[in-house]
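Fold and geometry: a report
This is what each chain is made of:
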Amino acid sequence: MIPRLVVAAPSSGAGKTTVATGLIAALAARGLKVSPHKVGPDYIDPGYHALAAGRPGRNLDAWMSGPERIAPLFAHGAAGADVAVVEGVMGLYDGAAGRGELASTAQVAKLLRAPVVLVVDASSQSRSVAALVHGFASWDPQVRLAGVILNKVASDRHETLLREALEEGSGVPVLGAVRRAGAVDTPSRHLGLVPAVERSAEALRAVREMGELVAASVDLDAVLALARTAPPLTDTPWDAAAEVEPLDGPRPRIALAGGAAFSFSYAENAELLAAAGAEVVPFDPLHDEQLPERTAALVIGGGFPEVYVSELSANAALRAAVAELAAAGAPVIGECAGLLYLGRELDGLPMCGVLDTTARMTPRLTLGYREAVALTDSPLAAAGSRVRGHEFHRTTTDPPAGPSPAWAWHTPTGPHTEGHLHGPVHASYLHLHWTGTPALPTRLVRHAATWDRNR
């Protein structure tokens, strides 16, 4: 039995991240073990959740992992918790474009059989709030919209008008009213909020202030009582060891890039590598001048190398070590930020030079789910492997695909190839949650082990 609730909103920008993070922090301040989760592929919000909860923030993405894995992944992440808070994505009923409810907050709430708390931006309305909440509550009878938190409330008088309207016309209880409070806003830039890992003391202060704001504005006892109405989950918790084929023999060491420049990673990806037989060793390309000793494979995930391009370029020793590892034939995997780092240049400054491509910032945002197929065998995927991932970047590479592209997918204008395969190197803009394709980490560990034995 895991008490749980989903924090949703009618649309993006209503303040659900502030409210969800504040709820996590406020409940943790009461001494509760809070398990934080995020619907969708976003990496940044879970970083703030993790600061608030003191345990990893985990994603629940039905597109990439599959709907059948949502409840098991939730049970895995929430093991040992007193309560779980799941922050939604976009509007409550928004999901993968053209796929109905797939990957929506509503779908995840139904899969978890969790009550939903709707965060409403009340800044430009009063009585109309009742019609809005009534519409969201009645749209899908299988979604149990069980509470409302009013956000950006201007005054006591404004709050009274909102509460009266909701009591009269919606039938959904108000759990709290949060005043406008710009002091707790987190700074944003080209891809959304600045990741918590980059802000250190400032991020901790922001999370603490969110917790204090929510504790003063929301009936936490009512929130906990609501979370405890969620029925028991009968799903078996996800287990990385059950998803992969274990390796016989010595464990190859796989270096996993992290730190402020490469902060985008899903916790389950590292767990799958370890379960498949790897020794996973994190390192920070901003500060470490060498790869971990005995590195047999390298994974460089997403993040913001464009923000730290000068520091990454100045670390010439590590750039040379990465190029040397790739030249020696070890598997090297780059996702988005990793792709940029492995190229020749980023915004005119030298990178690792492993791939014959250059990258630069652009004003155009590339965003969306992708269903891709591997065109050629690589250390990550066998030819013909099908994956579901997502893109999220404001950079472009020239050329966008090498002579041997990493992936292909269909677009409204026709077939599209993307990414680079170069010897043992697989680099692409596509972010993957390996829970949906556990054959990938299994394959990568085996390639690393083979290379490790033969070097």
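Let us look at the structure shown here. Being a predicted model, the structure only gives us computed values, none of them experimental.

Bringing the overall build of the protein into the picture now. When helices and strands are tallied, the protein shows 15 helices and 22 strands. In terms of overall size, the protein behaves like a compact globule, its C-alpha atoms giving a radius of gyration of 23 Å where 455 residues would be expected to give roughly 23 Å. Once the C-alpha set of the protein is aligned to its principal axes, its extents read approximately 70 × 45 × 45 Å. Sequence-distant contacts, at least 24 apart, represent 75% of the contacts inside the protein between residues at least 6 apart.

Here the distance between the centres and the angle between the planes together describe a pair of aromatic rings. The tally for this structure, following the rule as stated, stands at 7 aromatic pairs. Relative to Tyr266, the ring of Tyr43 has its centre 4.4 Å away and its plane inclined at 25°; by these criteria the two rings are stacked. In this pair, Tyr43 sits in the loop between strand E2 (34–39) and helix H2 (44–53) while Tyr266 sits in the loop between strand E10 (253–257) and helix H11 (267–275), placing the two residues 223 residues apart along the sequence. For the pair Tyr93 and Trp139, a centre-to-centre distance of 6.2 Å together with 55° between the ring planes defines the contact as tilted. Taken together, the positions of Tyr93 in the loop between strand E4 (83–87) and helix H5 (105–112) and Trp139 in helix H6 (residues 128–139) put the pair 46 residues apart, joining distant regions of the chain. Chaining the aromatic ring pairs together yields one cluster made of Tyr43, Phe264, Tyr266 and Phe304. The lysine or arginine in question, Arg388, covers the ring of Trp63, its NZ or CZ lying 3.9 Å from the ring centre.

Glancing now at the packing of helix H1 (residues 16–29) against helix H9 (residues 220–227). Contact geometry of H1 with H9 gives a least axis separation of 11 Å together with a crossing angle of 95°. By the angle between their axes, H1 is roughly perpendicular relative to H9. In contact with Leu23, Ala26 and Leu27 of H1, H9 contributes Leu220, Val223 and Leu224. The residue makeup of the contact of H1 with H9, split by class, is 6 nonpolar, no polar and no charged.

Let us look at unusual backbone geometry. Backbone torsion omega between Asp398 and Pro399 reads 0°, so that peptide bond is classified as cis. In this structure, Ala103 is a non-glycine residue whose phi angle is positive, near 70°. Relative to the assigned elements, Ala103 resides in the loop between E4 and H5. The backbone phi angle of Cys336 is positive, close to 60°, even though this residue is not glycine. Within the secondary structure layout, Cys336 lies in the loop between strand E13 (332–335) and helix H14 (337–342). Judged by relative accessible area, Cys336 falls into the buried class, the value being 6%.

Calculation criteria
Sequence order as written defines the numbering, with residues in each chain counted from 1. Reporting of local features is limited, given that this is a predicted model, to residues whose pLDDT is at least 70; pairs of side-chain atoms are given and counted only at 80 or more, and all residues count toward the totals for whole chains, interfaces and linings. Excluded from the side-chain calculation are hydrogens and water; included are all heavy atoms of the structure. Secondary structure elements follow DSSP: runs of H or I no shorter than four residues count as helices, runs of E no shorter than two count as strands, and numbering proceeds from the N terminus. Just to be clear, the radius of gyration here is over C-alpha atoms, and the globule rule we use is 2.2 Å times residues to the power 0.38. Two residues qualify as a contact provided that any one of their heavy atoms is within 4.5 Å of a heavy atom in the partner residue. Paired rings are identified among Phe, Tyr and Trp, the last through its six-membered ring, by centres lying within 6.5 Å, and are further divided according to the angle between planes into stacked (under 30 degrees), edge-to-face (over 60) and tilted (the rest). Placement of a positive charge over a ring is assigned whenever Lys NZ or Arg CZ falls within 6 Å of the ring centre and within 35 degrees of the normal to the ring plane. Lines are fitted to the C-alpha atoms to define the axes, a helix being fitted only along its stretch in contact, and any angle between axes, read from their N-to-C directions, falls within 0 to 180 degrees. Note that the term roughly parallel is reserved for angles under 35 degrees, roughly antiparallel for angles over 145, roughly perpendicular for angles of 65 to 115, and oblique for everything else. Gly is placed with the polar residues, together with every amino acid not listed as nonpolar (Ala, Val, Leu, Ile, Met, Phe, Trp, Tyr, Cys and Pro) or charged (Asp, Glu, Lys and Arg). The buried label applies to any residue whose accessible area, calculated with a 1.4 Å probe on protein chains only, is under 20% of its type's maximum; exposed applies above 50%, and partly exposed to all values in between.

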